[in-house]
Amino acid sequence: MQILFKNIKSLLQTRGENVKKVAGQDMHQLPKIDQAFLLIKDGLIESFGEMDHCPKPSDTKIIDVSGQMILPSWCDSHTHIVYAGNREGEFIDRINGLTYEEIAKKGGGILNSAKKLQNTSESDLYTQSKTRLEEVIKLGTGAIEIKSGYGLTKEAELKMLRVIKQLKSAYNIPIKATFLAAHALPQAFKNNKSAFLDLMIKDVLPTVAKEKLAEYIDVFCEKGYFSVEDTERVMQAGIQLGLTPKIHVNQFNAIGGVNACVKHNARSVDHLEVILNEDIEALKGSNTMPVALPACSYFLGIPYTPAKEIISAGLPLALASDYNPGSSPTGNMNFVVSAACIKMKMTPEAAINAATINGAYAMDLSDKVGSITPGKIANLIITKPIPSYGMLPYAFGSNLIDQVYVAGKLIS
Ligand code: NIG
Ligand code: FE
C-alpha cells in the first residue's frame, strides 16, 4: 500500500541516512524542502523531493496537503508513563510553599507513587499506562522510552517492566524499556542503602536481563538519593548483563555523575539543570547524549538546562518530556519544544532537531526514526496550515497538529 502526500508546504527534517545526531552549530540548521512530495510504502518512507519531480505511481492513495507541513514524529527519549494514580495533592502542597525535596522527606514524592503502584494490579497499571501512551501518540510522539523505578520491590519493578513489554507488543511505535534500578530508597531500607542496591543488582537485575525486560539501566544520581559511587556500581552491574546506562543526573546538584556516566559510555545523561564546566568537558568527544527536560523545570520551578552553553560547546542536545506524576505530569512534546524555545532560548531549528533526530539517538533509534529519510518508519506529523514552522513553538498553547501517522497509518 502506497500513500503519496503532495503539495507539502514544507517537508521538514529531510536527512541522509548517515546522520545519526546533530551537534553544536549544526543544531541551528533544519533541512527542508518547500513545495514537496512524500511517498510512503508499506509503512516506510520510500522517497521525497520537490513537486516538480513528483512521481505518478499507480495504485496509490494521493493526499493533497496544500498549506500544511510534514515533519517526523517526536522522539521522546525519557518518560515514566507507567505509573499508578497521580500526585495532585503534592502539587497543592507545593503551591502552598513546600519544595519538591521537603515533600519527598515527609514520605511523599517517589515513595508515594511507589506505594500506589505496589497496590495496583498489573492489568489496572496497563490500562492507566496505555491511556497515557495513546494520548501522547495523538500529540505526535512516534517513538518513546519508558522507565520502571516506581516499584522499589522486586515484584513491583518486574510488574512495571512487564507492562512496558505488553505496551511494546500492543503498539507499533518503537518503545524502549529502562530498568530504573535506583530511583529512591524505600522506608524498609532507610538505614541500609547497600542492601537495597544488592537487592536490585543481585536479585532483580538478573531477572530483568534473563527475561529481556529492558535495554537500559538508570539511577537517580543526586544528593539525598544515590551517590556517584552507587551509580557506578549499578551501571557496571547493568553493563555486565548487556544493559546500557541512561542516567538521571544533575537535576538539583552537580556531584560528578556526568563524568562517571561518560566513562561508562552511557547512551544519555538526562536533566542537567545544573551543569559545571567539567561536565561539559567530559561530554566533549563522547557518545553520550545530553538530554534536557524543560517540562520538569517548568512544573517544579527549577532552573532550565543551559542549552545555549551546551550547544555552543559543540555538543548535541536532545529534548524529552519526563512524563511522570511528580515532576512533569505531561508528555506533550509540542509543549516541550515550545518551552525549550521560550525558556531555554533554543532556536526552533535546534528544538526540532533535539526532539526528533537527537531524541532518536538517545534511544539508539536513529536508524529507524527521527528524520525524513528513505527506509525509515513513516511516523509523521501533518501540521494544520501554518505560515512557517516557527509557529509550532510560538503558539505554545495551540494544537497545530492536524494528523498523525504511525507506520504509514493514520491515527484517529
Ligand atoms: O525524572 N528525578 C527523578 N525522577 C523523576 C521524578 C520522580 C517523581 O517525582 O516522581 C524525574 O524528574
Ligand atoms: Fe525522569
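Residues numbered from 1 in each chain as written. Chains lettered and ligands numbered in written order. Predicted model: local features only at pLDDT ≥ 70, side-chain atom pairs only at ≥ 80, totals over all residues. Heavy atoms only, no water.

**Notes on the overall build of the protein**
In step 1: When helices and strands are counted, the protein shows 15 helices and 16 strands.
In step 2: In summary, the protein has a C-alpha radius of gyration of 21 Å against a globular reference of 22 Å for 412 residues, a match within 12%.
In step 3: Taking the principal axes of its C-alpha atoms as reference, the protein extends roughly 70 × 45 × 45 Å.
In step 4: When the 412 residues of the protein are sorted by exposure, 59% land in the buried category.
In step 5: Sequence separation of 24 or more characterises 74% of the internal contacts of the protein that already satisfy a separation of 6 or more.
In step 6: On the protein, roughly 16000 Å² of surface is accessible, and the fraction owed to carbon and sulfur atoms is 50%.
In step 7: Positive and negative side-chain charges of the protein, numbering 43 and 42 respectively, have mean locations separated by a distance of 2 Å. (Helix = DSSP H or I, 4+ residues; strand = E, 2+ residues; numbered from the N terminus. Rg over C-alpha atoms; globule rule 2.2 N^0.38 Å. Buried < 20%, exposed > 50% of the residue type's maximum accessible area, 1.4 Å probe, protein only. Contact = heavy atoms within 4.5 Å. Areas by Shrake-Rupley, 256 points an atom, 1.4 Å probe, with all protein chains shown as cover. Lys, Arg positive; Asp, Glu negative; His and termini not counted. Charge placed at Lys NZ, Arg CZ, Asp CG, Glu CD.)

**Considerations on the domain arrangement of the protein**
In step 1: What the domain assignment reports for the protein is domain 1 (2–72 + 372–410) and domain 2 (75–361).
In step 2: Each of domain 1 and domain 2 has a C-alpha centre, and these two points are 29 Å apart.
In step 3: Residue-level contacts link 28 residues of domain 1 with 34 residues of domain 2.
In step 4: Between domain 1 and domain 2, the buried area comes to about 2400 Å², and carbon and sulfur atoms account for 66% of it.
In step 5: The interface formed by domain 1 and domain 2 holds 0 salt bridges in total.
In step 6: There are 12 residue pairs in polar contact (both at pLDDT 80 or more) connecting domain 1 and domain 2. (Domains from an automatic or database assignment. Buried area = accessible area lost by both parts, 1.4 Å probe. Salt bridge = Lys/Arg side-chain N within 4 Å of Asp/Glu carboxyl O. Polar contact = N/O pair within 3.5 Å; in protein donor to acceptor, adjacent residues only side chain to side chain.)

**Topic: the pattern of salt bridges**
In step 1: As enumerated under the stated definition, the model contains 15 salt bridges in all.
In step 2: Overlapping salt bridges bring together Glu-145, Lys-147 and Asp-218 as one network.

**Things to note about the site of ligand 1**
In step 1: Around ligand 1, the structure places 15 residues, and the nearest of them are Arg-87, Tyr-100, Tyr-150, Gln-251 and Ser-327.
In step 2: Between a nitrogen atom of ligand 1 and a side-chain N or O atom of His-183, the distance comes to 2.8 Å.
In step 3: A distance of 2.9 Å separates an oxygen atom of ligand 1 from a polar side-chain atom of His-248.
In step 4: If ligand 1 stood free it would expose 320 Å²; the protein chains cover 100% of that surface.
In step 5: In the shell around ligand 1, the residues fall into 4 nonpolar, 9 polar and 2 charged. (Near = heavy atom within 4 Å. Nonpolar A, V, L, I, M, F, W, Y, C, P; charged D, E, K, R; others polar.)

**Quick look at the packing of aromatic side chains**
In step 1: With the rule as written, the count across this model stands at 8 aromatic pairs.
In step 2: Between Phe-5 and Tyr-405, the aromatic rings sit 5.2 Å apart at their centres with planes inclined by 90°, giving edge-to-face as the arrangement. With Phe-5 in strand β1 (residues 2–12) and Tyr-405 in strand β15 (residues 401–406), the pair connects residues that are 400 residues apart, well separated along the chain. With respect to burial, Phe-5 and Tyr-405 carry one shared label: buried.
In step 3: An angle of 45° between the planes, with centres 4.3 Å apart, marks the rings of Phe-220 and Tyr-225 as tilted. (Phe/Tyr/Trp six-rings, centres within 6.5 Å; stacked < 30°, edge-to-face > 60°.)

**Some remarks on the coordination of the iron ion (ligand 2)**
In step 1: Distances from the iron ion (ligand 2) to its protein donors, His-78 (NE2), His-80 (NE2), His-248 (NE2) and Asp-322 (OD), fall within 2.1 to 2.3 Å.
In step 2: Considered as a linear motif, the donors of the iron ion (ligand 2) on their single chain read H-x1-H-x167-H-x73-D. One end of the pair, His-80, is in the loop between β6 (74–76) and α1 (88–95); the other, His-248, is in strand β10 (residues 244–249), with 168 residues separating them in the sequence.
In step 3: Its relative accessible area of 1% is what places His-80 among the buried residues.
In step 4: Assessed through its relative accessible area of 3%, His-248 is described here as buried. (Donors = N, O, S within 2.8 Å, 3.2 Å for Na, K, Ca; no water.)

**A short note on the pairing of β10**
In step 1: Within β10, 5 of the 6 residues are buried, which leaves the element mostly enclosed by the surrounding structure.
In step 2: Note that strand β9 (residues 216–221) and β10 share 4 bridges and pair parallel. Across the sheet, Phe-220 pairs through a bridge with His-248, a residue of β10.
In step 3: A crossover connection joins β9 to the parallel β10 through helix α7 (residues 228–240); in handedness this β-α-β unit is right-handed.
In step 4: As defined by bridge partners, β10 adjoins strand β11 (residues 268–271) across 4 bridges and the pair is classed as parallel. When the bridges of β11 are listed, Val-249 appears paired with His-271.
In step 5: With respect to chirality, the unit in which β10 leads through helix α8 (residues 257–263) into the neighbouring parallel β11 is right-handed. (Pairing = 2+ DSSP bridges. Right-handed = clockwise from strand over helix to strand, strands pointing away.)

**Focus on the nonpolar core**
In step 1: Counting residues in hydrophobic clusters, the biggest one holds 119 residues, and the most contacted among them are Leu-133, Leu-167, Phe-179, Val-208, Leu-317, Leu-319 and Met-346.
In step 2: If one sorts the elements of this core by residue count, helix α12 (residues 333–344) sits on top with 8 residues.
In step 3: In this structure, this core is formed jointly by two domains, domain 1 (2–72 + 372–410) and domain 2 (75–361), each of which donates at least three residues.
In step 4: Counting residues in each nonpolar core, the second largest holds 17 residues, with Ile-3, Ile-8, Ala-36 and Ile-63 among its members. (Core = buried A, V, L, I, M, F, W, Y, C linked by side-chain atoms within 4.5 Å.)

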